[in-house]
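Residue strings, one per chain:
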Amino acid sequence: MRIAMIGAGYVGLVSGACFSDFGHHVTCVDTDQGKIDALNNGEIPIHEPGLDALVASNVKQGRLKFVTDVASAVGAAEVVFIAVGTPSRRGDGHADLSYVYAAALEIAKAIKKFTVVVNKSTVPVGSGDEVERIIREENPDAEFAVVSNPEFLREGAAIRDFKHPDRIVIGSSDQRAKDVMAEVYRPLHLNSSPIMYTDRRTAELTKYAANSFLATKVAFINEIADLAEKVGANVQEVARGIGLDNRIGLKFLHAGPGYGGSCFPKDTLALIKTGQDYEAPLRIVETVVAVNDQRKRAMARKVAHAFGGNLRGKSIAILGVTFKPNTDDMRDAPSIPLITALQDMGAEVRVYDPVGMEQAKKVFENVTFCEGPYECARGCHAMVIVTEWEQFRALDLKEMAAIMACPVIIDLRNIYSPDEVTRNGFLYSGVGRPQAVAY
Ligand code: UDX
């Protein structure tokens, strides 16, 4: 198959690289000349484990190309994926579809034969209809079908998720398009990944429902964590106790500082807006968003609690600022409101992240950027673990205790056992486990 991938961002790049690895010929198109030049020089603009090697090997074998010209890529393709961004629109939280519709217009001008246009971007219900309308209006003779094929990959595990998906959802009622999509995903089908065919609107809604449901699980366990702290219970064991029930499942029940990233915050908001527009309000999701927003500053109060509520004159080491490990993505990271709140309370903040420092420097002001966890913690009154990077799981606690002004660990990801940490002379506070500290 010849595939054009419009948008060489996160989803476009990962999907393009994986499709080429399946044996398809993929041309990734992006309007950002700098990005395309970098990709052609072998530089990958995002941090995703394994992506550089996958891109290099498929470029070398001539199956993966990067260009800025939509017309030539689309003209030669049987399948065109739209994988451009759909950020939250400033001011109202609706998904901003201007990039999707601009891509549709460009595609319309370049279609030469029957072409399957696939929306991989996360778009509200009905956007596929609009893409179809735009193409038909611009090019009334074009032979095409518009398909919805939402992407469920997680940053940091994107290649594995793409190659071993729990399911592939394809929304279309056009048989020719379904046959083409079956061919595109044939290698996965042979791996026995289930492919679910449905109509386009159902596929579009499925993506938002999936992310909102997962966000709900996280927000739910976070509230249970707060209660666990108050009543002297352990949220990790509660999570296991409920998660072993197959109807609930063990995943997405890790209590922490609240969810972030490029998907959950924006997709929950967009789904709420759709619900309001269709007079079917999603009150549970509305509450999830409110609970998650409030949580981030609440985590700063948790740090302050260790010092009797006062952080003036205290230095705080923040370990991990990306929204989760194995990514350099800072979008909607819980660390952002948390650090602002700590500064509002008068604390001085020092920051270290294994991969996210470059992005962090674009986001934070008045913080000290450090080279490693020990340099970061030196002279600090508390260390706050915000992102559960592997390298933070085995810190030398004796050394840490010796170099900190005051040995306090606030572990917002529960990566340490309270016993181990307190044995090394620390005051310790996790999330949803009964060990409050006060200094
Ligand atoms: C998510 C979906 O998982 C993916 O299917 C979709 O395509 C895009 O959105 P991603 O944003 O990469 O992927 O991250 P994910 O691993 O889902 O984590 C989202 C947020 O929830 C992170 O901030 C993470 O720290 C938090 N989280 C997740 C928890 O706090 N607890 C959990 O148990 C799981």
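Residues numbered from 1 in each chain as written. Predicted model: local features only at pLDDT ≥ 70, side-chain atom pairs only at ≥ 80, totals over all residues.

Looking at an unreviewed UniProt entry, one finds the protein chain named UDP-glucose 6-dehydrogenase and attributed to Tardiphaga robiniae. In its Catalytic activity (unreviewed entry) section, UniProt records this for the protein chain: "UDP-alpha-D-glucose + 2 NAD(+) + H2O = UDP-alpha-D-glucuronate + 2 NADH + 3 H(+)". (UniProt positions renumbered as here; feature names shortened; annotations may be inferred.)

### What to know about the packing of helix H10 (residues 200–231) against helix H13 (residues 283–305)
Their axes nearest at 9 Å, the elements H10 and H13 cross at an angle of 55 degrees. As summarised for this structure, H10 and H13 are arranged oblique, according to the angle between their axes. Relative to H13, H10 is oriented so that their crossing is left-handed. Side by side, H10 and H13 meet where Ser212, Ala215, Thr216, Ala219, Asn222 and Glu223 of the first sit next to Ile284, Val285, Val288, Val291, Asn292 and Arg295 of the second. Classifying every residue of the contact of H10 with H13 by side-chain character gives six nonpolar, four polar and two charged. (Axes fitted to C-alpha atoms, helices over the stretch in contact; angles between N-to-C directions. Helix = DSSP H or I, 4+ residues; strand = E, 2+ residues; numbered from the N terminus. Parallel < 35°, antiparallel > 145°, perpendicular 65-115°, else oblique. Left-handed = near helix turned anticlockwise from the far one by under 90°. Contact = placed C-beta atoms within 7 Å. Nonpolar A, V, L, I, M, F, W, Y, C, P; charged D, E, K, R; others polar.)

### Some words on the domain arrangement of the protein chain
For an interface, size is often stated in terms of accessible area lost upon the parts coming together. Taken as a whole, the protein chain is organised into domain 1 (2–198) and domain 2 (291–429). Once you take the C-alpha centre of each, domain 1 and domain 2 turn out to be 38 Å apart. Counting residues at the interface gives four residues for domain 1 and seven residues for domain 2. Here the side of domain 1 that touches domain 2 is composed, by residue class, of one nonpolar, two polar and one charged. (Domains from an automatic or database assignment.)

### A look at unusual backbone geometry
The phi dihedral of Asp332 falls on the positive side, at around 50 degrees, and the residue is not glycine. Counting through the fold element by element, Asp332 comes out in the loop between strand E9 (315–319) and helix H14 (335–344). Overall, Asp332 belongs to the buried group, with 20 C-beta atoms counted inside 10 Å. Phi at Asn366 takes a positive value of approximately 60 degrees, unusual for a residue other than glycine. The residue Asn366 is located in the loop between helix H15 (357–363) and strand E11 (367–369) in this model. (Buried ≥ 20, exposed ≤ 12 C-beta atoms within 10 Å, placed from the backbone.)

### Let's talk about the UniProt feature "binding site: substrate" (unreviewed entry) in the protein chain
Per the UniProt record, "binding site: substrate" (unreviewed entry) is annotated on Phe152, Leu153, Arg154, Glu155, Lys207, Phe252, Leu253, His254, Ala255, Gly256, Gly260 and Lys324. In sequence the annotated residues extend across 173 residues, and in space they extend as well, their farthest C-alpha pair lying 23.8 Å apart. Under the C-beta neighbour-count criterion, Gly256 is labelled buried, with 25 such atoms within 10 Å. Setting aside chain neighbours within four positions, we find Gly256 in contact with Asn222, Leu412, Arg413 and Val431. With respect to the helices, strands and loops of the structure, Lys324 is situated in the loop between E9 and H14. Discounting residues that sit within four places of it in the chain, Lys324 has contacts with Gly156, Gly261 and Thr387.

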